Amino acid sequence: KEVFFNGEWLPSQAAAVSVFDRGFMLGDGIYEVIPVYGRQPFTMEAHLGRLREGLHAVGIHYTANGLLDRVKEAVERAECADGLVYIQVTRGVAPRTHYFPEGVEPTVLLYAYPFNFEGFEKKLVDVVLSPDLRWHRCDIKSISLMANVLANNAARQAGVVENVFEREGWITEGSHTSVFLVHNGTIYTHPKGQHILPGITRDIVISIARETGIPVREEAFAVADLPRVEEAFLTGTTMQVTAIGGIWINGRKSVVSTDRGPVTRRIQEAFIKQTNSL
Ligand code: PLP
């Protein structure tokens with residue numbers, strides 16, 4: 001398998017990162033994951049735009065413009081129709097300091113790998129509620145994912161696929177997904193800002209809802225109101241639009257729905273139409 005590493009395509013075994021890479025030592029980097037459906041990258045510009053914003057926010061000087069062609073190359077080289085393109089840019093290699101080193105070139109890694117998206121619309125998954133222990137810049141897609149990793153692993157150990165974070169009584173998002181809750185026929189999702197990642201799938205789902213005439217409010221939803229939720233779903237590049245069946249809170253399951261609800265279905269149908277028509 002080949003990866004694009006610091007300007008060239010190499011067999012992955014030949015791509016070696018220095019132990020002094022700031023990504024390795026400090027988690028000092030930004031990443032992105034782009035879905036590919038039937039050999040077509042989906043929402044590539046939006047993902048690259050978010051990558052650029054993240055790099056800018058943390059002062060990593062890398063234009064990312066050339067990555068558009070690299071993503072296309074990755075898809076051409078990949079031996080799969082459906083997959084994901086992973087991109088990571090770290091601040092580079094330098095003796096370990098907390099302050100930024102000068103004159104350092106960012107380390108750039110990009111590769112595609114097969115991924116099976118099919119069947120997400122048939123699933124009904126449980127999630128666990130976990131305290132949002134992340135930092136206050138969740139809008140930056142930082143490679144430092146310790147809080148996400150801990151929470152998702154705890155969810156896995158509890159036998160479910162994802163956790164849903166709660167910050168001061170409000171639902172923020174999942175470890176690697178955005179969260180949507182339906183109450184009285186209105187869809188709620190946490191507003192953009194420093195407490196969530198601005199999900200690309202989230203944007204798509206909001207525009208689908210608006211086009212379909214389903215009311216959407218970008219407002220935080222209270223944990224206390226979860227028992228009144230009629231439907232809930234997760235969105236993201238890897239989970240697409242996946243219905244939530246139940247939410248485990250302190251060892252007790254709060255049942256959301258025993259089947260996929262009508263709002264979730266309508267969103268899923270429109271989403272599948274978009275990805276099928278690439
Ligand atoms: N929230 C977090 C914390 C994520 O890591 C992700 C995706 O990786 C998402 C939300 C969903 O974002 P997207 O729809 O752009 O994949």
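Computed from a prediction, not measured in an experiment: that's the story for all the values here.

Examining the site of the ligand
- Around the ligand, 13 residues are found, and the nearest of them are Gly-199, Ile-200, Thr-201, Gly-236 and Thr-237.
- At the level of secondary structure, the elements contributing two or more residues to the shell around the ligand comprise helix H5 (200-212) and strand E14 (231-236).
- For the shell around the ligand, the element with the highest residue contribution is H5, accounting for three residues.
- Its residues assigned to classes, the shell around the ligand comprises three nonpolar, eight polar and two charged.

Some points on the domain arrangement of the protein chain
- Domain annotation for the protein chain reports domain 1 (2-114) and domain 2 (120-276).
- For the side of domain 1 that touches domain 2, the secondary structure elements donating two or more residues are strand E3 (29-37), helix H2 (44-57) and strand E5 (83-90).
- At seven residues, E3 tops the list of elements feeding residues into the side of domain 1 that touches domain 2.
- In terms of residue class, the side of domain 1 that touches domain 2 is built from 10 nonpolar, seven polar and two charged.

A few points about the packing of H5 against helix H6 (residues 262-276)
- Two elements in contact, H5 and H6, have axes whose closest approach is 10 Å; the angle formed by their N-to-C orientations is 110°. Relative to H6, the element H5 lies roughly perpendicular. On the side of H5, the interface is formed by Ile-204, Val-205, Ile-208, Ala-209 and Thr-212, while H6 contributes Arg-266, Ile-267, Ala-270 and Phe-271.
- Grouping the amino acids of the contact of H5 with H6 by side-chain chemistry returns seven nonpolar, one polar and one charged.

A look at the environment of His-176
- Residue position: His-176 is located in the loop between strand E9 (170-174) and strand E10 (178-183).
- Residue His-176 is classed as buried on the basis of its 20 C-beta neighbours within 10 Å.
- Between the C-alpha atom of His-176 and that of Tyr-37, which follows or precedes it by 139 residues, the distance is 20 Å.
- When near neighbours in sequence (up to four residues on either side) are disregarded, His-176 contacts Asn-148, Asn-152, Gly-236 and Thr-238.

Describing helix H4 (residues 146-157)
- Taking 1.5 Å per residue, 12 residues should reach 16 Å; H4 reaches 16 Å between its end C-alpha atoms and fits that length.
- Inspection of H4 places Asn-148, Ala-151, Asn-152 and Ala-155 among the buried residues, and these make up the whole buried set. Down the axis, H4 shows its buried residues gathered within 95° of arc, on one side only. Exposed and facing more than 90 degrees away from the buried side of H4 are Met-146, Val-149, Asn-153 and Gln-157.
- Of the residues one or two after H4, Gly-159 is the one with positive phi, at around 90°.

The rules behind these values
Residues numbered from 1 in each chain as written. Predicted model: local features only at pLDDT ≥ 70, side-chain atom pairs only at ≥ 80, totals over all residues. Near = placed C-beta within 6 Å. Helix = DSSP H or I, 4+ residues; strand = E, 2+ residues; numbered from the N terminus. Nonpolar A, V, L, I, M, F, W, Y, C, P; charged D, E, K, R; others polar. Domains from an automatic or database assignment. Axes fitted to C-alpha atoms, helices over the stretch in contact; angles between N-to-C directions. Parallel < 35°, antiparallel > 145°, perpendicular 65-115°, else oblique. Contact = placed C-beta atoms within 7 Å. Buried ≥ 20, exposed ≤ 12 C-beta atoms within 10 Å, placed from the backbone. Expected span 1.5 Å × (residues − 1). Arc of directions from axis to C-beta.

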